[in-house]
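Observations on the three-dimensional arrangement
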Amino acid sequence: MRHWIGRARRWAPSQHVRVYSTAHFGKSLLWNSSALVFAFFLTEAAGMRPATMGLVLGISLLFNACMDVVVGRMLAGRVTDVRAAARIQAIGAGFAAASFAAFAITGFISTDSRFAYALTTLLLFRLAYALCDTPQNAYMAFAAPDDSSRARFASARYVASGLSILSIAALTVPVLQAGTAVARSEIFLLTSLGAAIVAFASAMLLHNYAMRAVLPAHAATNPLKSPGVAPFADHRYPLLVGSIFIFSLTSPAFGKLEAYFSAFVLTDTFAASAFLASVALGKIMLQPAWVRLADATSLATTFRWAAAAWASASLVFLGIGPLGDYVALAGGFFYGAAWGGTAMAIWSLLARVAAGDPASATQRYGLFTFASKLAQSIAAFTIGHLLSQYDYRDHAADAAGLRYLMALPPFVGAIMLLAVPVLMRVRLRPSPAPDPRFRL
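Figured I'd write up the structure that's included with this text. (Residues numbered from 1 in each chain as written. Predicted model: local features only at pLDDT ≥ 70, side-chain atom pairs only at ≥ 80, totals over all residues. Heavy atoms only, no water.)

1. Section: the overall build of the chain
Regarding its fold elements, the chain presents 19 helices and zero strands. In the chain, which comprises 440 residues, the share counted as buried stands at 57%. The contacts in the chain between residues at least 6 apart in sequence include a share of 86% that link residues at least 24 apart. Carbon and sulfur atoms form 68% of the exposed surface of the chain, whose accessible area is close to 17800 Å². (Helix = DSSP H or I, 4+ residues; strand = E, 2+ residues; numbered from the N terminus. Buried < 20%, exposed > 50% of the residue type's maximum accessible area, 1.4 Å probe, protein only. Contact = heavy atoms within 4.5 Å. Areas by Shrake-Rupley, 256 points an atom, 1.4 Å probe, with all protein chains shown as cover.)

Now the structure itself:
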């Protein structure tokens, strides 16, 4: 009995990790809503054509990507420890929550002004989110002193993200099942107000904890006040930037279409209501296993196994889709588990690289999330275009169309990511010194 209690205590997150993950939960409510529900909301509640929806989301994500670079450079040298990071992320969370709630009113704006209003409020949200996201991401690099701690912080992030998706899934069911656009708009507005309040409150919780708690010396005030190194000086960093670009370019095909798959492909009422939750449960429940694998091997090995699992899960989801709605739930669970492991490994490796120079940490995170959101912007444009090519609402016309659109891009992305851990082991060898006998 003592053995199992000891093991439970060993794997239980510390209070610091719990507070950080709570703030990440609040932030993820906003981000995952934008990733999972905004597309469906704009087409099925606000009445936009799929191509217009893709334009709105794509422009806003491209803007968000640019703001990540600007904010990262602006905060470089200023945010070098957890307290500075906590202070700035709380300010950004307040503005992000307000603009998120403003965007949720889109369904009640007159048709002539709806496009302009949606784009304006969404751009404001993306700007504010960058101010919250960049310092909260960098917080992990300052708070975690070793790879084991980084894996725990990163895993806690994705448990919190998965819980936020579960919450969104539960709140989205009435939106999916509402019969009219007005009803969908009303429900979306109410749930958005709740998400905005939670996001700001959780950010303030992390701020208050960082300001009042007795933190380890490496976290409270980082002594490495260097002027910062070039972000790409470490050869592992560009590989991680490439990894997040591939990951973010291919994974939205699944995430953004989950709501459509639930509403228009799954015919069983319970299965349709539970599909988003099944993916989120996969992301949550397998995180301890990924952390244990990272402890037992290395982050690079975990990355390799997770990418292989992600490729397999994409094929499994595509193959078992015709077997029935409840089998599709199992496929969604497996997909979420593999996706969560891949994301955890990428972010843990980034935290290791960023921790090497605190003065440039926000700049590195800003460039990293720039690559991520640039890829998501491209994905949004593409998805909007592809949805315009056929009647996705007609299950009988093309029952397999959404499955292929959801599963094939992640499979290709996972195959490409399998090469990254191998490349990270390659060390750039310096040029040999010239032979003094041949000096001029």
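That shown, we press on.
2. Digging into the environment of Gly401
Along the polypeptide, Gly401 turns up in helix H18 (residues 401-417). Among the residues examined, Gly401 registers a relative accessible area of 15% and is labelled buried. C-alpha separation for the pair Gly401 and Val265, spaced 136 residues apart in sequence, amounts to 9.5 Å.

3. Digging into the pattern of salt bridges
Within this structure, the stated rule accounts for four salt bridges. Residue Lys27 pairs with Asp133 through a salt bridge whose shortest N-O separation is 2.7 Å. Of this pair, Lys27 sits in helix H2 (residues 15-36) while Asp133 sits in helix H6 (residues 111-143), placing them 106 residues apart in sequence. We classify Lys27 as buried; its relative accessible area is 4%. A residue is classified by how much of its surface remains accessible, and Asp133, at 5% relative accessible area, is buried. Residues Lys373 and Asp133 are paired through a salt bridge, measuring 3.2 Å at the closest nitrogen-oxygen approach. (Salt bridge = Lys/Arg side-chain N within 4 Å of Asp/Glu carboxyl O.)

4. A word on the packing of H2 against helix H8 (residues 181-212)
In contact at an axis separation of 8 Å, H2 and H8 are set at 155° when each is read in the N-to-C sense. With respect to H8, the element H2 is oriented roughly antiparallel. Where H2 crosses over H8, the two elements pack in a sense that is left-handed. Between H2 and H8, the contacting residues are Gln15, His16, Val19, Tyr20, Thr22, Ala23, Phe25, Gly26, Leu29 and Leu30 on the first element and Ala195, Ala196, Val198, Ala199, Ser202, Ala203, Leu205, Leu206 and Tyr209 on the second. When its residues are assigned to classes, the contact of H2 with H8 shows 14 nonpolar, five polar and no charged. (Axes fitted to C-alpha atoms, helices over the stretch in contact; angles between N-to-C directions. Parallel < 35°, antiparallel > 145°, perpendicular 65-115°, else oblique. Left-handed = near helix turned anticlockwise from the far one by under 90°. Nonpolar A, V, L, I, M, F, W, Y, C, P; charged D, E, K, R; others polar.)

Any functional reading would require information that these geometric values do not contain.
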